[in-house]
Amino acid sequence: LWGCLGWRGWSAVVIYLLLGSLVTRIGLAQKKLEGLAEGREGRRGPENLWGSAGTGAVIAILIKTRLVPQSLFLIGFAASFIAKLADTFGSEIGKSWGRRFFLITNFKRVPAGTEGAISVEGTLASAIGSLFMTLAMWKLSFLGYSQIGLLVSVGLFATLFESFIGAIFQERVGWLTNEIVNFLQTTFAAFLSIYLVWYLDLIS
């Protein structure tokens, strides 16, 4: 990321790593008791890195080659991290503070930690995570002021999209690990944001 986008690109993944690791530790003791805690007490490993930042890395390489529209793909780069932090906030805060959990496909009550489960608390946390990361990306100059609202919305929508994948496919497809689902979510967010910014003519 540093080689392709300089210190700003590297800073994006560091901000995600710090905020994601911090929010993972909220209610960690209780999540451990309930079997909902992330491994290694929330510390990220290589598989988490590539699941979360793989899309951003590919986009950064494309930007460096100048084979793609620079301004649009910088927004896609930003959106991939915005969506991932939104997902991390929603998942970790939802498991800690959520009271009732519903399967996103039919809204039936399910236990905490069920693939595809959402809660009101977790959804609000996703929106906050999306806002935090969008503002960070704006400060790093990856997007313009006029795109903030759209990118916050894309981050939240991509998190709900990931819940659909989890509910419908994850327990039925053996190779569909959390890391692969994360990669699909961030890729979806990146290209949805690129399309919407182009379609709505929001290029700064």
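Residues numbered from 1 in each chain as written. Predicted model: local features only at pLDDT ≥ 70, side-chain atom pairs only at ≥ 80, totals over all residues. Heavy atoms only, no water.

Draft legend 1. Quick look at the overall build of the protein chain. Counting secondary structure elements, the protein chain contains 7 helices and 2 strands. Of the regular secondary structure in the protein chain, the N- to C-terminal order runs α-α-α-α-β-β-α-α-α. Taken over the C-alpha trace, the protein chain has a radius of gyration of 16 Å; the compact-globule value for 204 residues is 17 Å, and the two agree within 12%. Counting only C-alpha atoms and orienting by the principal axes, one finds that the protein chain spans roughly 50 × 35 × 30 Å. Per element, the accessible surface of the protein chain, about 10,400 Å² overall, is 66% carbon and sulfur. On the protein chain, the mean spot of the 17 positive side-chain charges and the mean spot of the 12 negative ones are 5 Å from each other. (Helix = DSSP H or I, 4+ residues; strand = E, 2+ residues; numbered from the N terminus. Rg over C-alpha atoms; globule rule 2.2 N^0.38 Å. Areas by Shrake-Rupley, 256 points an atom, 1.4 Å probe, with all protein chains shown as cover. Lys, Arg positive; Asp, Glu negative; His and termini not counted. Charge placed at Lys NZ, Arg CZ, Asp CG, Glu CD.)

Draft legend 2. Region of interest: the packing of aromatic side chains. In this structure the tally under the stated criterion is 10 aromatic pairs. Pairing Phe 161 with Phe 188 gives two aromatic rings, centres 4.0 Å apart and planes at 15°, and the pair type is stacked. With Phe 161 in helix 6 (residues 148-170) and Phe 188 in helix 7 (residues 178-199), the pair connects residues that are 27 residues apart, well separated along the chain. On the basis of relative accessible area, Phe 161 is assigned to the partly exposed category, the value being 26%. Since its relative accessible area comes to 23%, Phe 188 is described here as partly exposed. Every member of this aromatic cluster is reached through a ring pair, and the members are Phe 77, Phe 81 and Phe 142. Between the NZ or CZ atom of Arg 8 and the centre of the ring of Phe 142, over which it lies, the distance is 4.7 Å. (Phe/Tyr/Trp six-rings, centres within 6.5 Å; stacked < 30°, edge-to-face > 60°. Buried < 20%, exposed > 50% of the residue type's maximum accessible area, 1.4 Å probe, protein only. Lys NZ or Arg CZ within 6 Å of the ring centre and 35° of its normal.)

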